[in-house]
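Okay, here's what each chain looks like letter by letter:
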Amino acid sequence: MNKKESLIRYLKTFVIAAQTSSFSAAGARLGLTQSAVSTQMKRLEEDLGTQLFERSGKSVQVSQQGKALLADAEHIVNLYQAMKGATRQTAQAALTLGVISTAQLGVLPGALRRFRTAYPAAHINVLPGMSVQLLAQVDADELDLAVLIKPNLNLPRHLKWFPLMQERYVGIAPHTAQGDWGEVLRTQPFIRYNRRSYGGHPVDQFLKHHASGVNEFMELDEPAVILQMVREGLGCAIIPGALVDNRRSSDVRMLELPGPPFFREIGIVVQQSALKNPVLAELISNLSTQAEQITRKEKPAK
């Protein structure tokens, strides 16, 4: 990373740390550790020759010098992001997308088929990742947009959320498993959707309310991989039901869960400033259209 890029990133970290009055909260929003945020702020203070924060234990407050510089830092960050957006629009259509794996298999192919009709010469670079990682990359302006699970936090004002679809969670078990969900959970090892991920958090909350003493076998980030593990007879699990293809359901039992239904929401996160880009706007429209089509097909099966 060159010095210009470091300075812009440090200024952005300064702005967010000032808004949250917390290095750990700023790190969570940016996908950084508290230590990394602290290091960035020390280097920025050295470069500017002034103290930006008053530090007391784990808490931080913007200093008087920091408050005097905050408005200029916000202006520089916003101006830089606007300049990058303008440059992208004048260049040949090229987009870098972050997309969770299940959306790559589901909503993305149909959306890109429509998109190529409008922009046949466009180049699309698709990067995988967990939702929390992709959100941080959009926030850092490293991705043009991300398709991910809705985060459990309020987005900063410069980011825009577009909902695409909701997926209801269901219980799944090997086809040889007998009984209802309660019986399956008592007799089968449990394969957990990563509790620290956006998609795994609702599963964790469900288990706390409706299950105790689960025989946990493994924990995974990818629900599509969890589905394959269940197909191999390794245990039962809770995943978004849209992943279970009814045409291949002979090796998996899909089971209703006790209590009220719960869902994960899939959507798009993008920089507000990037919405002026007609190429990006077209892709967002195509993703929304494809998601609506998938949702309509799934409704009769519920």
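Just so we're clear, the structure is a prediction, and the values are computed from it rather than from any experiment.

## Regarding the overall build of the protein chain
In terms of regular secondary structure, the protein chain is built from 11 helices and 11 strands. In terms of its C-alpha atoms, the protein chain occupies a principal-axis envelope of roughly 70 × 55 × 30 Å. Buried residues in the protein chain amount to 45% of all 302 residues. Across the protein chain, every contact between residues at least 6 apart in sequence was considered, and the portion connecting residues at least 24 apart equals 73%. Counting every atom, the protein chain has about 15500 Å² of accessible surface; 52% of that belongs to carbon and sulfur. A gap of 3 Å separates the mean positions of the 34 positive and 27 negative side-chain charges of the protein chain.

## Notes on the pattern of salt bridges
A side chain with one charge may pair with a side chain of the opposite charge, provided their charged atoms come close. In the structure shown here, the tally under the stated rule is 12 salt bridges. In this structure, R186 engages E183 in a salt bridge whose closest nitrogen and oxygen atoms are separated by 2.9 Å. Within this pair, R186 and its partner E183 are both found in helix 8 (residues 181–187), separated by three residues, close to a single helical turn. Its relative accessible area of 62% is what places R186 among the exposed residues. With a shortest N-O distance of 3.4 Å, R231 and D251 are connected by a salt bridge. Taken together, the positions of R231 in helix 10 (residues 223–231) and D251 in the loop between strand 9 (236–240) and strand 10 (252–255) put the pair 20 residues apart, joining distant regions of the chain. In this structure, a network of salt bridges that share partners links the residues R192, R195, D204, K208, E216 and E219.

## Some details on the nonpolar core
L145, V147, W181, I238 and L287 are the most contacted members of the largest nonpolar core, which has 65 residues in total. Examining the composition of this core, we find that eight residues originate from one element, strand 6 (residues 159–174), more than from any other. With residues near it in sequence (within four places) discarded, L145 still touches T96, L97, G98, V138, I268, V269, V270, L280, L283, I284 and L287. Core analysis: the second largest hydrophobic core is formed by 20 residues, F14, L44, L52 and L70 among them.

## Describing the packing of aromatic side chains
Taken as a whole, this structure holds five aromatic pairs when the rule is applied. On the numbers, 5.5 Å between centres and 25 degrees between planes, the contact of F115 with Y119 is stacked. By relative accessible area, which is 25% here, Y119 ends up partly exposed. An aromatic cluster is defined as three or more aromatic residues linked by ring pairs; in this entry it consists of F14, F23 and F53. Across the ring face of F162, the terminal group of K160 is positioned such that the distance to the ring centre comes to 5.7 Å.

Conventions used here
- Residues numbered from 1 in each chain as written.
- Predicted model: local features only at pLDDT ≥ 70, side-chain atom pairs only at ≥ 80, totals over all residues.
- Heavy atoms only, no water.
- Helix = DSSP H or I, 4+ residues; strand = E, 2+ residues; numbered from the N terminus.
- Buried < 20%, exposed > 50% of the residue type's maximum accessible area, 1.4 Å probe, protein only.
- Contact = heavy atoms within 4.5 Å.
- Areas by Shrake-Rupley, 256 points an atom, 1.4 Å probe, with all protein chains shown as cover.
- Lys, Arg positive; Asp, Glu negative; His and termini not counted.
- Charge placed at Lys NZ, Arg CZ, Asp CG, Glu CD.
- Salt bridge = Lys/Arg side-chain N within 4 Å of Asp/Glu carboxyl O.
- Core = buried A, V, L, I, M, F, W, Y, C linked by side-chain atoms within 4.5 Å.
- Phe/Tyr/Trp six-rings, centres within 6.5 Å; stacked < 30°, edge-to-face > 60°.
- Lys NZ or Arg CZ within 6 Å of the ring centre and 35° of its normal.

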